[in-house]
Amino acid sequence: MTNTLVIDGNALLKLGFHGLKNLSYEDNHIGGVFHFLNKIRSEIDLHRYEKVVVFWDGEKNYISRRKIYENYKIRKKSNFKDKEHEHSFYSQKQRLKRYLEEIFIRQTSFDTYEADDAIAFYCSKATKEKITILTNDRDLLQLVSDTVHIKFFNRDKVVIKGDRIEYSGFLIPIENIKLLKIICGDSSDGIKGIKGVGVKTMINHFPTIQEEGITLKEFLKIIKTPHIKDETNFRIKNLVKGVTVEGELGDSFFERNKNLIDLNETLLDENSQNEILDIIKETIDPKDRSYKNLLRMMMEDGLFKLLGKSDDAFLKFVTPFIILTRIEKNKFKNS
């Protein structure tokens, strides 16, 4: 199986952009570009990835889910302090895309869709690849399987099937994070949950959530039993009736939140799906890609100043990319 690294592009770029906010060259901020390249260089070097794919958030990526829930991300705060700050981010994003082209890294985005949707579809279709997703998004934990792992930016340990993870102060099987987000909502995205029901309530009344994986279908069957339906606790009554701050929604609440959070049923249109299928199977044409272009760009952006003063600093930095390039050139040659 091909050893593949899939990257949540916007999330990784934001980490370096905000984390290395004082890293500049000739008055141009380069923190996002340098951190992004250095991180994937390190990952390729450590794990010998044979293929790297970056998925970016599309323009107006909230639209696909607002068709399901009009308040989705409606109050999402900007990560930028002003227009100049925002312009710097998107300038670095465009520059990064040029770097990735030179070092044989596949990339794409789809207007009105989030990177999560594309990553999920890719993982479901790339059955001949062993995939590690580099992200900081716990929504993607639902994709973990025998052949799909997750690596968070701030953790060295890779999350694999069967693992538990800390969530709201509790240790939870990773497959139940999706269930808890459907029931309790996701404040970061403006998704409302059951009124008065948080993770603690769920654990107190349904302790098996900490012990084993439970699907939404299985959970709904549990709360429809006479024992639960007769419960006098108002929080559980709200759960049974699908009561939110928006009113009593009944079963439609669970269906709505499932459509918002569950990535198994793709929201992507046919054209987007076909493009991802092409990314899975197609090789990269080496025409017009060269080390000279990479060298020139690094000189223009002042990246050499960040590599150290040793004579082989540049070679050490680019060697993982050179190895990846050779692999991709051989794939193209033999295709």
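This report concerns the structure included in the present document. (Residues numbered from 1 in each chain as written. Predicted model: local features only at pLDDT ≥ 70, side-chain atom pairs only at ≥ 80, totals over all residues. Heavy atoms only, no water.)

Regarding the overall build of the protein
Of the regular secondary structure elements, the protein holds 14 helices and 11 strands. Over its C-alpha trace the protein gives a radius of gyration of 22 Å, about what one expects of a compact globule, namely 20 Å for 335 residues. On the principal axes, the C-alpha backbone points of the protein span a range of 75 × 45 × 35 Å. Contacts spanning at least 24 positions in sequence make up 70% of the contacts within the protein whose residues lie at least 6 apart. When the accessible area of the protein is evaluated, it comes to approximately 17600 Å², of which 47% is carbon and sulfur surface. Positive and negative side-chain charges of the protein, numbering 56 and 51 respectively, have mean locations separated by a distance of 2 Å. (Helix = DSSP H or I, 4+ residues; strand = E, 2+ residues; numbered from the N terminus. Rg over C-alpha atoms; globule rule 2.2 N^0.38 Å. Contact = heavy atoms within 4.5 Å. Areas by Shrake-Rupley, 256 points an atom, 1.4 Å probe, with all protein chains shown as cover. Lys, Arg positive; Asp, Glu negative; His and termini not counted. Charge placed at Lys NZ, Arg CZ, Asp CG, Glu CD.)

Quick notes on the nonpolar core
Side chains of nonpolar character tend, in soluble globular proteins, to be buried together. Membership of the largest hydrophobic core comes to 60 residues, with the highest contact counts inside it found for Tyr122, Ile133, Ile183, Met202 and Phe219. Per-element tally for this core: the top contributor is helix α5 (residues 115–125), with seven residues. Counting 37 residues, the second largest nonpolar core, distinct from the first, contains Leu5, Val33, Val52 and Phe321. (Core = buried A, V, L, I, M, F, W, Y, C linked by side-chain atoms within 4.5 Å. Buried < 20%, exposed > 50% of the residue type's maximum accessible area, 1.4 Å probe, protein only.)

Brief notes about the pattern of salt bridges
Scanning all chains against the criterion turns up 24 salt bridges. Among the ionic pairs, Asp45 bridges to Arg48, the shortest N-O distance being 3.3 Å. The residue Glu129 makes a salt bridge to Lys51 at a minimum N-O spacing of 2.8 Å. Residue Glu129 is found in strand β6 (residues 129–135), and its partner Lys51 is found in strand β4 (residues 51–55); the two are separated by 78 residues along the sequence. (Salt bridge = Lys/Arg side-chain N within 4 Å of Asp/Glu carboxyl O.)

A word on the sheet that holds β4
Here we have five strands laid out as an open sheet, ordered β5-β4-β1-β6-β7, and parallel in their pairing. The open sheet has two free edges, formed respectively by β5 (106–108) and β7 (148–152), since each of these has just one partner strand. For this sheet, the mean angle separating the axes of adjacent strands, direction not counted, is 20 degrees. Across five bridges, β6 lies against β7 in parallel orientation. Considered in β7, the bridge of Thr135 is made with Phe152. Where helix α1 (residues 9–19) meets the sheet, its contacts fall on β1 (2–8), β4 and β6, and the angle it forms with β1 comes to roughly 60 degrees. Here helix α2 (residues 31–47) sits on the sheet in contact with β1, β4, β6 and β7, set at roughly 160 degrees to β1. (Pairing = 2+ DSSP bridges. Axes fitted to C-alpha atoms, helices over the stretch in contact; angles between N-to-C directions.)

What to know about the pairing of strand β9 (residues 170–173)
The pairing of strand β8 (residues 164–167) with β9 spans four bridges and is classified as antiparallel. Within β9, the position partnered with Ile165 by the bridge is Ile172.

Digging into unusual backbone geometry
Even without a glycine there, the phi angle at Arg48 is positive, about 55 degrees. Checked against the element boundaries, Arg48 lands in the loop between α2 and β4. A positive phi is found at Asp288, a non-glycine position, where the angle reads about 70 degrees. When you line up the elements, Asp288 lands in the loop between α12 (270–281) and α13 (291–301). On the basis of relative accessible area, Asp288 is assigned to the exposed category, the value being 63%.

Section: the pairing of β4
Extensive coverage of β4 is indicated by the burial of five of its five residues. Every second residue of β4 is oriented toward a common face, with Lys51, Val53 and Phe55 on one face and Val52 and Val54 on the other, all of them buried. With three bridges joining them, β4 and β5 adopt parallel strand pairing. Bridge assignment links Val53 to a residue of β5, and that residue is Arg106.

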